[in-house]
Amino acid sequence: MLEVLRKEIKYIIPIERFLVLEKKLNLMMEKDNYGDDGKYTVRTQYFDSINDQDLFDNLHGVEEKRKIRVRIYSPDAKTAKLEYKCKTNIDGRKTSLIISRAEAIEMEKGCFDFLINREENLAKQLYVKIIQNAYRPKTIVEYNRMAFAYPVSDLRITFDTSLRGTVDPYGLFNEKLASIPLLNEDLGVLEIKYTGFIPSPFRHLVEEIDTISEGISKYSLSRLLI
């Protein structure tokens, strides 16, 4: 089981603006080791309760928000990440398990019994939550990501473009998804993720864009626009 505790700030910005910022990031940070030159595709299947409690908590500004999701980086993936994410304001806690492709497909079908046999406490916690609240797939979101990393404060800066969401929440491993854009094609989502504090060399970068901070949720965008 992997656990990540960090702060997250999100912005919707024009791609043109990011291209200017990218030149600075290339001088100050390393490209993420994952993917090709820091670039990769993310595909996430979101689950929610029978009454869409997680969606409405986010829309109504409830202080603590939760998401259950399954994430892959290629339709050919043999494994997936089952993630449970809790966020209070900008403070986030994400715990995850690696599950097999077959187990991810079982979850898509509404079968979760394999979680009972896992040793991790997270697996049992998720099983109870999923069964008690009748969680099922609600949408799939896919986007292209460029990621930068900096060792101090475990700083990561990512920029997501071509955000798309599906009407049909099934088919996580399909080669192609029937999806529609969630943002105008000239916009993207910039995320700044860190532990404790933003290192001083990057504070001025945050100040430059801080006036347009957004409480954006890709899950909510997909559910509302589709």
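Analysis parameters
- All residue numbers refer to positions counted from 1 along the written sequence of the respective chain.
- Owing to the predicted nature of the model, reporting of local features is limited to residues with pLDDT of at least 70; listing and counting of side-chain atom pairs is limited to 80 or more, with chain, interface and lining totals taken over all residues.
- Just so you know, side-chain values use all the structure's heavy atoms and leave hydrogens and water out.
- Numbering goes from the N terminus for both helices and strands, where a helix is a DSSP run of H or I of at least four residues and a strand is a run of E of at least two.
- Classification of residues uses two cut-offs on accessible area relative to the type maximum, computed with a 1.4 Å probe and protein chains only: under 20% is buried, over 50% is exposed, and between them is partly exposed.
- We call two residues contacting when some pair of their heavy atoms lies within 4.5 Å.
- In the cavity and pocket records, a cavity denotes points on a 1 Å grid over the protein atoms alone where a 1.4 Å probe fits but cannot get out, a pocket denotes an open set with protein on both sides within 12 Å along at least 5 of 7 lines, and lining residues are residues with an atom within 4 Å of a point.
- Grid points are joined across faces, edges and corners, and a volume is the space filled by probe spheres set on the points.
- Helices are assigned an expected span. That span is 1.5 Å times one less than the residue count.
- To get an axis, a line is fitted to the C-alpha atoms, and for a helix only the part in contact is used. The angle between two axes follows their N-to-C directions and goes from 0 to 180 degrees.
- For this classification, under 35 degrees means roughly parallel, over 145 means roughly antiparallel, 65 to 115 means roughly perpendicular, and everything else is oblique.
- Residues enter a patch when their relative accessible area is above 30% and they make no salt bridge; the linking distance is 9 Å between like charges and 5 Å between nonpolar side chains (Val, Leu, Ile, Met, Phe, Trp, Tyr).
- Method for areas: the Shrake-Rupley scheme with a 1.4 Å probe, in which residue coverage is limited to the protein chains shown.
- Counted as salt bridges are all cases of a side-chain nitrogen of Lys or Arg within 4 Å of a carboxyl oxygen of Asp or Glu.
- Think of it this way: the bend at a residue is just the angle between two axes, each fitted to seven residues, one set ending at that residue and the other starting at it.
- The definition of a nonpolar core used throughout is a set of buried Ala, Val, Leu, Ile, Met, Phe, Trp, Tyr and Cys residues joined through side-chain atoms within 4.5 Å.

## Considerations on the side chain of R6
Tracing the backbone shows R6 in strand β1 (residues 2-14). What makes R6 buried here is its relative accessible area of 12%. Excluding anything up to four places from it in sequence, R6 contacts I90, D91, G92, K94, R156, K193, Y194 and T195.

## What about unusual backbone geometry?
Located in the positive-phi region is A134, a residue other than glycine, with phi close to 55°. Residues other than glycine seldom take positive phi values, yet D154 does so here, at roughly 50°.

## Thoughts on the layout of surface pockets
It is a probe the size of a water molecule, rolled over the atoms, that shows where empty space is left. As a volume, the largest pocket reaches approximately 710 Å³. Every residue lining the largest pocket is counted, 37 residues in all, and those nearest its centre are E8, R69, K85, E191 and K193. Looking at the lining of the largest pocket, the element that brings in the most residues is β1, giving six residues.

## A look at empty space enclosed by the protein
Tallying each qualifying case throughout the model produces two cavities of 30 Å³ or more. Its volume calculated, the largest cavity comes out at about 60 Å³. Around the largest cavity, the lining residues are L21, L25, L155, I157, L190, I192, I198, F202, L205, V206 and I209. If you list the elements that add at least two residues to the lining of the largest cavity, you get α1 (15-28), β8 (155-166), β10 (187-194) and α5 (200-209).

## A short note on helix α4 (residues 121-132)
Relative to the 16 Å expected for 12 residues at 1.5 Å per residue, α4 spans 17 Å between its end C-alpha atoms, a close match to the ideal helical length. Among the residues of α4, those classed as buried are L122, A123, L126, Y127, K129 and I130. A positive backbone phi angle near 55° is found at A134, which sits one or two residues after α4.

## Structural notes on the packing of α1 against α5
A pair of packed helices can be characterised by two numbers: the angle between their axes and the separation between those axes. At their nearest, the axes of α1 and α5 sit 12 Å apart, and the two run at 175° to each other. In this view, α1 runs roughly antiparallel relative to α5, as classed from their interaxial angle. Contacts from R17, L21, K24, L25 and M28 of α1 reach α5 at P201, F202, H204, L205, E208 and I209.

## Structural notes on the environment of V206
Within the fold, V206 resides in helix α5. Residue classification places V206 among the buried positions, given a relative accessible area of 11%. Setting aside residues no more than four positions away along its own chain, V206 makes contact with Y11, I192 and I198.

## Brief notes about a nonpolar patch on the surface
Residues F56, L59, L224 and L225 make up a contiguous nonpolar surface patch of roughly 360 Å² in combined accessible area. At the level of elements, α2 (53-59) and α6 (218-225) are the ones that each hand at least two residues to the nonpolar patch. The residue L224 is located in helix α6 in this model. Using a relative accessible area of 54% as the deciding quantity, one classes L224 as exposed.

## Thoughts on α1
Compared with the 20 Å implied by 1.5 Å per residue over 14 residues, the 20 Å span of α1 between its first and last C-alpha is a close match. At L21, α1 shows its strongest bend, of approximately 30°. Listed in full, the buried residues belonging to α1 are F18, L21, E22 and L25. Buried residues belonging to α1 abut β1, β7 (136-150), β8, β10 and α5.

## Examining the side chain of K218
Summarising the element assignment, K218 is placed in helix α6. In this structure K218 comes out as buried when scored by relative accessible area, which is 7%. Excluding anything up to four places from it in sequence, K218 contacts Y46, V141, Y143, R145, D160, L163, L182, V189 and E191.

## Regarding the nonpolar core
Counting 26 residues, the largest nonpolar core has I68, V70, L82, I99, M107, L115 and I130 as its most contacted members. Counting only elements with at least two residues in this core, the list comes to β4 (64-72), β5 (79-88), β6 (91-100), α3 (101-108) and α4. Top contributing element to this core by residue count: α4, with five residues. Among all residues touching M107, those that are not within four sequence positions of it are F47, V70, L82, I99, F112, F114, I130 and P137. Among the nonpolar cores identified, the runner-up in size contains 20 residues, and I9, M29, Y194 and L205 belong to it.

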